Amino acid sequence: MAVTAVVGLQWGDEAKGKIVDLLTDKYEVVVRYLGGNNAGHTVMFGGNTYKLSLLPAGILRSNVTSVIANGVVINPAALLKEIQSVVDQGVEIGELLISDRAHVIFPYHLAEEAVLEQRRGDQAIGTTMRGIGTCYRDKIGRTHAIRVGDMYRPDYFRQRLEEVVEQKNVIIQALDPSAETLSAATIYDDYCRLAEQIAHRVTDTTAYLHKALKQDKNMLFEGAQGSLLDIDHGTFPFVTSSNSSGCGIHVGSGVPERVIDQMIGVVKAYTTRVGGGPCPTELHDQTGQHIRDEGHEYGTVTGRPRRCGWFDAVATGYGARVSGVDCIAVMLLDVLSKLDEVKICEAYEINGERTTDFPSHIQDLELAKPIYRTLPGWKQDITGIRKLEDFPKEARAYIDTVSELVERPVEIVSIGPDREQTVFC
Ligand code: IMO
Ligand code: MG
């Protein structure tokens with residue numbers, strides 16, 4: 001039996017979807033354990049592109065059981081739309097199980113997030129506006145929380161919605177007097193209809209996962225977001241609202257981390273970030289734009305241009321330590337192929353002091369000046385390479401430097417979106 005986890009070590013968008021898809025044929029169970037439809041995982045094969053957000057990538061293989069575990073926040077309408085779009089693309093989807101403990105995103109979560117973000121002005125977090133943070137906040141706060149399992153207890157569900165919606169109207173209208181009044185009855189009807197459509201998939205996924213482990217099933221945990229967006233360990237408050245580092249696996253699935261045999265950290269060969277918050281190696285120049293163009297760095301979920309910069313080994317090394325990864329997968333190396341030289345941030349200078357520690361406060365991170373190691377570019381197309389020894393020596397040196405500074409072996413290098421464009425080291 002093998003239990004493997006794939007987690008992002010940067011600010012999300014590390015191309016985790018490709019790694020998960022590559023691995024899924026070896027696994028019988030694929031688990032999403034955090035986040036919601038803020039994630040955007042692109043999987044390409046057989047000439048088709050699949051854009052997944054809430055669905056685990058296992059859904060694209062009919063023999064895999066995909067699990068949306070307790071730590072995920074679910075917008076049922078978005079989930080059903082996504083299932084439909086995959087089916088419309090001709091995919092024979094596998095079994096999909098949804099945790100009855102997962103929390104539900106309601107229209108007031110979106111309304112509340114919109115007004116909160118708007119009121120923060122230039123300090124806005126720059127969220128994906130999917131109601132993720134407001135739903136997680138209600139989960140932690142408990143009094144306004146509604147879980148998937150609650151939707152199948154009609155009297156209880158109606159009562160809960162009446163209580164919650166009344167209070168949400170007060171809160172939202174206090175912040176924005178022009179906000180429309182939400183109706184508990186309408187939400188109840190809509191959500192009963194939606195709940196009905198997913199009812200056959202809803203179960204106690206924790207119990208399922210433990211049975212699967214007992215049966216020695218191979219299991220893959222599919223991370224969303226990245227370690228630096230982790231609510232506890234990331235660049236707070238410019239983070240997402242769940243534990244998106246490796247720390248989230250146990251809480252988000254009920255499966256203890258000690259059963260995981262291999263934790264793979266996924267990194268881009270450079271840095272990207274969407275939304276607000278400091279990003280020390282961000283490039284505001286032509287090189288930044290070149291990386292954006294070559295890497296098609298525009299958000300899958302929101303279409304926003306991503307902020308681009310050099311690989312940050314201080315931030316990524318921190319992500320690797322917090323997540324506890326055994327090895328790393330370096331993605332999108334081909335994006336750097338046309339550059340004369342490439343840089344890797346090996347330390348920060350903060351208030352005149354050199355450090356390789358990642359600051360715990362964003363005001364310190366804002367002061368961080370990257371100290372770079374500059375390497376020669378390889379200046380050739382590497383998208384056809386299939387073996388590590390065939391890389392030009394400059395690209396090898398780049399991979400080795402990433403490994404040295406992040407202090408983890410590089411086991412996978414990706415040089416294009418296709419399944420075949422992958423080098424196992
Ligand atoms: P994947 O799984 C990149 C970012 C948002 C914003 C912050 C908070 O594709 O790697 P939220 O809507 O979660 O409250 O937004 O987190 N963010 C992501 N950035 N990739 C993601 O997911 C992200 N999910 C959230 O841009 O800065
Ligand atoms: Mg994304």
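Up top you'll find the structure we're talking about.
Residues numbered from 1 in each chain as written. Chains lettered and ligands numbered in written order. Predicted model: local features only at pLDDT ≥ 70, side-chain atom pairs only at ≥ 80, totals over all residues. Heavy atoms only, no water.

### With respect to the overall build of the protein chain
Counting secondary structure elements, the protein chain contains twelve helices and 20 strands. For the protein chain, the C-alpha radius of gyration of 22 Å lies close to 22 Å, the compact-globule estimate for 425 residues. Each of the three principal axes of the protein chain carries a C-alpha extent, and together these read 65 × 50 × 35 Å. Going through the 425 residues of the protein chain one by one, you find that 56% of them count as buried. Residue pairs in contact within the protein chain that sit at least 24 positions apart in sequence constitute 74% of those at least 6 positions apart. Summing over all exposed atoms, the protein chain offers an accessible surface of approximately 17500 Å²; the carbon and sulfur share of this is 48%. (Helix = DSSP H or I, 4+ residues; strand = E, 2+ residues; numbered from the N terminus. Rg over C-alpha atoms; globule rule 2.2 N^0.38 Å. Buried < 20%, exposed > 50% of the residue type's maximum accessible area, 1.4 Å probe, protein only. Contact = heavy atoms within 4.5 Å. Areas by Shrake-Rupley, 256 points an atom, 1.4 Å probe, with all protein chains shown as cover.)

### A word on the packing of helix α2 (residues 76–88) against helix α6 (residues 184–198)
Between α2 and α6, the least distance of the axes is 10 Å, while the angle of their chain directions is 45°. Classified by the interaxial angle, the pair formed by α2 and α6 is oblique. The way α2 lies across α6 gives a crossing that is left-handed. Here α2 contributes Pro 76, Ala 77, Leu 79 and Leu 80 to the contact with α6, which in turn contributes Tyr 191, Leu 194, Gln 197 and Ile 198. Residues that form the contact of α2 with α6 fall into these classes: seven nonpolar, one polar and no charged. (Axes fitted to C-alpha atoms, helices over the stretch in contact; angles between N-to-C directions. Parallel < 35°, antiparallel > 145°, perpendicular 65-115°, else oblique. Left-handed = near helix turned anticlockwise from the far one by under 90°. Nonpolar A, V, L, I, M, F, W, Y, C, P; charged D, E, K, R; others polar.)

### Comments concerning the side chain of Ser 323
Residue placement: Ser 323 occurs in helix α10 (residues 313–323). Side chain to side chain, Ser 323 and Ser 227 meet in a polar contact 2.8 Å long. At a separation of 2.8 Å, a polar atom in the side chain of Ser 323 contacts the main-chain amide nitrogen of Gly 246. (Polar contact = N/O pair within 3.5 Å; in protein donor to acceptor, adjacent residues only side chain to side chain.)

### Comments concerning the pairing of strand β15 (residues 327–331)
Among the five residues that make up β15, five are buried, leaving the element largely enclosed by the rest of the structure. Because side chains alternate across β15, one face comprises the buried residues Cys 327, Ala 329 and Met 331, and the other comprises Ile 328 and Val 330, equally buried. Bridging between strand β11 (residues 262–268) and β15 involves five bridges; their strand directions are parallel. The residue of β15 that forms the bridge with Gly 265 is Ile 328. The pairing of β15 with strand β19 (residues 410–414) spans three bridges and is classified as parallel. By the bridge assignment for β19, Val 330 is matched with Val 413. (Pairing = 2+ DSSP bridges.)

### Section: the site of ligand 1
Around ligand 1, the structure places 20 residues, and the nearest of them are Asp 13, Lys 16, His 41, Thr 128 and Thr 240. Between Val 274 and ligand 1, the recorded distance is 3.1 Å, taken from a backbone N or O atom to an oxygen atom. If ligand 1 stood free it would expose 550 Å²; the protein chains cover 98% of that surface. For the shell around ligand 1, the class distribution of residues is seven nonpolar, ten polar and three charged. (Near = heavy atom within 4 Å.)

### Points about the packing of aromatic side chains
Pairs of aromatic rings are described using the distance from one ring centre to the other and the angle between the two planes. Throughout the structure, instances matching the rule amount to eight aromatic pairs. Each ring, one from Tyr 33 and one from Phe 221, has its centre 6.2 Å from the other, and the planes form 65°; the classification is edge-to-face. Placement of the pair is Tyr 33 in the loop between β2 (29–32) and β3 (41–45) and Phe 221 in strand β10 (residues 219–222), with a sequence separation of 188 residues. Its relative accessible area of 0% is what places Tyr 33 among the buried residues. Judged by centre distance (5.5 Å) and plane angle (45°), the ring pair of Phe 157 and Tyr 188 falls under tilted. Of this pair, Phe 157 sits in helix α5 (residues 154–175) while Tyr 188 sits in helix α6, and the two are 31 residues apart along the sequence. Chaining the aromatic ring pairs together yields one cluster made of Phe 106, Tyr 108, Phe 157, Tyr 188 and Tyr 191. (Phe/Tyr/Trp six-rings, centres within 6.5 Å; stacked < 30°, edge-to-face > 60°.)

### Focus: the pattern of salt bridges
The tally for this structure, following the rule as stated, stands at 20 salt bridges. Two residues, Arg 158 and Asp 155, come together in a salt bridge whose shortest N-O distance is 3.9 Å. With a gap of three residues between them, Arg 158 and Asp 155 both fall in helix α5, about one helical turn apart. You can call Arg 158 partly exposed: its relative accessible area is 36%. Given a relative accessible area of 59%, Asp 155 falls into the exposed group. Between Arg 354 and Glu 346 there is a salt bridge whose closest N-O contact spans 3.4 Å. (Salt bridge = Lys/Arg side-chain N within 4 Å of Asp/Glu carboxyl O.)

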